[in-house]
Amino acid sequence: MWLHGSTRPPAPAELMEALSRAGVTRGFGPRLSIQVEYRTCRQVYGPDPGVPMTECPADTPSARLRRTVGRAKARVRQGADPTAMHVVALGDLLSAGDPALERAISVLQSVALLTDAPADALSDLAAAHLVRAERRQSPRNLLEAVEAASRALEADSGHPAARWNLAYALTRLGVDGEASRAWAAYRAVDSVSGWGRESGRWAGGLAAARTSGRGVSPQEEAARGWIGELGAWADAVQRGDYAGAEAHLRAAEMIGSALERGGRDATLADAVRFIRVHEHSRQQLRPLAEAHRDYARGRALYDAGNRREAAPWLERAASSPAASPALREWASLFHAATLVYGGRKAAGERVMRGVAAGCDTLRAAALAGRAYWMLGTTLNQAGHLEGARAAYETAARFLARAGESENEGTVQYLKGEVEFAAGNALGGYEQAYRALRTLRPYRASRWLHNQLQVAATASAAAGLPRTAILLQNESLEVGRRTGIPIYAVEALLARAQLLSAAGRTVEARADVDSARTRIAGLAPEEKAWAEADLRLAEARLVGETAPRRAADALDRVVASPASTQTVQREAAARLARADALLRIGDPTAAAADLERVIYLVDSLRAVARSGSLRASLADLARGVFDRMVMLQVNTSSPERALAYLERGREAFAPLGRGAGTAATLPLPRGGEAGIEYALIGDTLLSWVVDRTGVRLTRTSVDRERLLQTTRRVSAALQAEADEESVAEDLAFLYGLLMRPLRGLPDGPGAEIVIVADGEIAAIPFAALRDGPKGRYLVQDRTLRFAATLHDAFGTVARSDAPRWRTLVIEPGDAAARAADLSPLPTAAREAASIAAAYPVARIISGDSATPEAVTSAMGQAAVVHYAGHAVFDDERPEQSFLALAPGAGMGGGRLTATDIEMLRLDAVRLVVLSACETQRAQDRRSGGFSGLTAALMRAGAGGVIGTLWKVDDRLASPLVTEFHRAYRTSGDASQALRTAQLRMLASPDAALRSPAAWAAFRYSGS
């Protein structure tokens, strides 16, 4: 990492300037927005090389870095100062270790929201994502880097570090056309500095890659042999030109022999040998030539996209008694594909399975690869995602063995489509990246065009609209280079929809008009597909201004024939039509469309196996459920609106209960009440549910202010801010979330259960402050959290294990060293104190606290307390982990959420995670129920106490110790946590009285 950059350091400039002098040169890579580059301990150079700015002090750069970050942290404690937060984040970014990097990303995201000039923070956020991409080999982070850098350039188009990071991220992704343009943009502002010279090398490398030849691939050679030479041989035989036929046969023979000798697919060589055996018998040769002619013509039509016309030629070749076994297998396979495209999917699938099972995979690797490829596509279209995934994996192995790298890349991209369709975004991004790298040399490949389009669509769905447009630009460029008109049309229409969603309607309309002029020249089957997408794009452009016209266009898309319909297209069309119908005042028809989309989502959800897939599908479905909730709210049906909200949360509910209808919503017992929140656009919906029924409060909010306030509060409390510095923000949140509600139970400590969306789940409810009374919410209420009302008020049978059998886990320094984390000086004392609070307690500590030992012991305990490090993985919550001592297996001491979810913890009444971010919320429908908390509850634990942010163990230890004393007395976790928090508030120590010491902890469960 080479520190360099901005000529406008933000105030207070001395913090940023001091941090820059603490930097070190680490070579070219992600670029930070710091003004000065540190060269030696004698001089610090300014933006112009050779111009000394100041003398370096005698202490080391690392010491200066620590001191500068310490000063910045002190400023943050006095309030959420964006510049000081930025300095703290850069200090973490320069530090070793993943936890520091995760903190840097989290804080930089907050800084970008809190400052009026976000370009520096966004550029550094791009750099942080690039670092994480390198450490994790994570393609999703490369896409995040592109998005952050693009946002920085929107804020400051000339920002040099942002231009560098954008070009670097695009290069790493393999998006060469856009990367070349980004390097040119960087060189327009800097071509002579060290960074400028390095940018020239990157740009030159991309140019050389574009002009260098990649040679002829095995799949191209095989196609030339089968279709070109053997097709020409067959025509010559039919004409009686046996001399010409021999020349073509020899050419095919040479190609087949070369493939066979190279360990590639040998079916071409086998087909030529079969011809040699029969070439002296004219009676046998002519029907054999006819079969090859039919296959060659059928394949040529198939490859050109004319599958209906290809079908009879391929069928004749497959059924010819004169054909060789190799020819029959290839012809049968491609004919099966035409059956699928023609709507006879079951018949086509049977043939594909027969070819896949019957061929000699050692000699016919390409044939086997194609068979599994086609089978995967057939299963994918039918919604059988698990089968499609397995078929594509098998296909990729065989195609790699055959050396057909372009086809291998194609199957990788198709497997990525399956992962995205199943809601496994991370797996989809990994496959997309793998496909992009494999297909990178094939700059005119239709499969590269398709992969870029899929990656663009996935990026848009993931909330990365700028990245999606850049990827779609590249897809259009590759599509045009193929020379096949349909690909340019597809890319134009896809880009039009992305531009329209981004509000760039003039550009979107130009793409639609360009696509419309090209559609007339397409083949009939292609034209049907393209016209459906054209109508969808046109409807989105006019949806707000001409909803009736949009609805009419979408009627035709929804009614498209089965041969041109997909689940994704139907869902998109029905969602858009529902919006149009609502605008023209037809809520009944809109509701019918939304119900159909919910059904389509549920059909995909049915094949998802893991909690992470269910959560991802819930995120993808958020749009439709939000629309349905608002529709019901607007038609005065608050109970039905709440029922739909619960259905939308079903996929991530830790206990896995199905969501019911309004009539079956569980009601609280006794004096409890539930509050369920949803933030939809700029509308905050708050349902109060008690034994008398359901009441809805609807509030218009300034969404950006709400999100900024939440981030500011979280950042300040994580930095251990004092009470006064956050009092105003906490009072604002109380006024928004609690004051409008009516009918909540009265009495000191009356219990309320909170079900919150991702954005709302991040709020520290216990610390919400009633300004006029000068009291925190926890002083008046007992709080409990749940993912759904069904989880909140349903009944879970617990085992008869002894109630107080307690397991305390304290892995100590062994775990910290293994995970590259700092020691926790109070953890051992905390563990001993908690074990002493229970009559039957066992401590597993130090080197004994391995994943194997811990998981074995957890199932036998009623109460589990963990005192150590936890790491939350925002990108992959299922990979969040508890740091334990390295054992014989299980990930070198990491007990991940995925590992925990597989346990049987029905005997466990309570788990206390005295660690960082164990209930951290994400900005998505799954809220705080992802990662470790969700995994523990899915495994059967009755409840979990965890933290919203990173907590200092010296502040956390007194609170959890007080909690266990109270819990041992009452057996009620939510009341015991409130008791402990009230004792912190009564402490003579100002640090313990601050919400920073106690508000991060919350109890979730029954």
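Above: the structure in question.
We now turn to the structure provided with this report. Just so you know, these numbers come straight off a predicted model, no measurement behind them.

1. Here we look at the overall build of the protein chain
What the protein chain contains, in helices and strands, is 45 helices and 21 strands. Across the protein chain, every contact between residues at least 6 apart in sequence was considered, and the portion connecting residues at least 24 apart equals 68%. Accessible surface, the protein chain: about 37800 Å² in total, of which carbon and sulfur atoms supply 50%.

2. Overview of the packing of helix α23 (residues 485-501) against helix α24 (residues 505-519)
Remark: α23 packs on α24, axes separated minimally by 8 Å, with the N-to-C direction vectors making an angle of 160 degrees. In terms of orientation, α23 and α24 fall into the roughly antiparallel class. The handedness of the crossing between α23 and α24 is left-handed. Contacts between α23 and α24 involve A488, V489, L492, L493, R495, A496, L499 and S500 from the former and T505, E507, A508, D511, V512, S514, A515, R518 and I519 from the latter. Of the residues belonging to the contact of α23 with α24, the class tally is 10 nonpolar, three polar and four charged.

3. Quick word on the sheet that holds strand β18 (residues 894-896)
Strands sit in the order β16-β17-β18 across an open sheet of three strands; the sheet is antiparallel. Looking along the sheet, the strands with just one partner apiece sit at the ends: β16 (870-871) and β18. The pairing of strand β17 (residues 881-883) with β18 spans three bridges and is antiparallel. The residue of β18 that forms the bridge with A883 is R894.

4. What about helix α13 (residues 282-303)?
Over its 22 residues, α13 runs 31 Å from end to end, which matches the ideal 32 Å to within 8%, given 1.5 Å per residue. For α13, the complete set of buried residues consists of L285, L288, A289, A291, H292, R293, D294, Y295, A296, G298, R299 and Y302. Tucked into the core, α13 has its buried residues touching α10 (218-239), α11 (242-261), α12 (267-278), α14 (307-319), α15 (325-341) and α17 (365-381). Following α13 by one or two positions, G305 adopts a phi angle in the positive range, close to 90 degrees.

5. Examining the packing of α12 against α13
α13 packs onto α12 with a crossing angle of 155 degrees between their chain directions and a minimal axis gap of 9 Å. One way to sum up the angle between α12 and α13 is to call them roughly antiparallel. Of the two elements, α12 crosses α13, and the hand of that crossing is left-handed. Each of A271, F274, I275 and H278 in α12 lies in contact with α13, whose residues at this interface are Q284, L285, L288 and H292. Each residue belonging to the contact of α12 with α13 can be placed in one class, and the counts come to five nonpolar, three polar and no charged.

6. Topic: the nonpolar core
Membership of the largest hydrophobic core comes to 170 residues, with the highest contact counts inside it found for W226, W233 and Y295. Apart from the residues lying within four places of it in its own chain, the contact partners of Y295 are W226, L314, A317, L327, W330, A331 and F334.

7. Details of the pattern of salt bridges
A complete count under the given rule lists 53 salt bridges for this structure. We note a salt bridge from R574 to D593, for which the minimum N-O separation is 2.6 Å. One end of the pair, R574, is in helix α27 (residues 567-583); the other, D593, is in helix α28 (residues 587-605), and 19 residues separate them in sequence. For R574, a relative accessible area of 15% corresponds to the buried category.

8. Notes on the side chain of Q472
Within the element layout of this structure, Q472 appears in helix α22 (residues 465-482). Apart from the residues lying within four places of it in its own chain, the contact partners of Q472 are Q453, A456, A491, A494, R495 and L498.

9. Re helix α18 (residues 385-401)
With 17 residues, α18 should cover 24 Å at 1.5 Å per step; its first-to-last C-alpha distance of 25 Å lies within 8% of that length. Listing the buried residues of α18 in full gives L385, A388, R389, A391, Y392, T394, A395, A396, F398 and L399. Among the residues trailing α18, G403 stands out with phi positive, at a value near 75 degrees.

Criteria and cut-off values
Residues numbered from 1 in each chain as written. Predicted model: local features only at pLDDT ≥ 70, side-chain atom pairs only at ≥ 80, totals over all residues. Heavy atoms only, no water. Helix = DSSP H or I, 4+ residues; strand = E, 2+ residues; numbered from the N terminus. Contact = heavy atoms within 4.5 Å. Areas by Shrake-Rupley, 256 points an atom, 1.4 Å probe, with all protein chains shown as cover. Axes fitted to C-alpha atoms, helices over the stretch in contact; angles between N-to-C directions. Parallel < 35°, antiparallel > 145°, perpendicular 65-115°, else oblique. Left-handed = near helix turned anticlockwise from the far one by under 90°. Nonpolar A, V, L, I, M, F, W, Y, C, P; charged D, E, K, R; others polar. Pairing = 2+ DSSP bridges. Expected span 1.5 Å × (residues − 1). Buried < 20%, exposed > 50% of the residue type's maximum accessible area, 1.4 Å probe, protein only. Core = buried A, V, L, I, M, F, W, Y, C linked by side-chain atoms within 4.5 Å. Salt bridge = Lys/Arg side-chain N within 4 Å of Asp/Glu carboxyl O.

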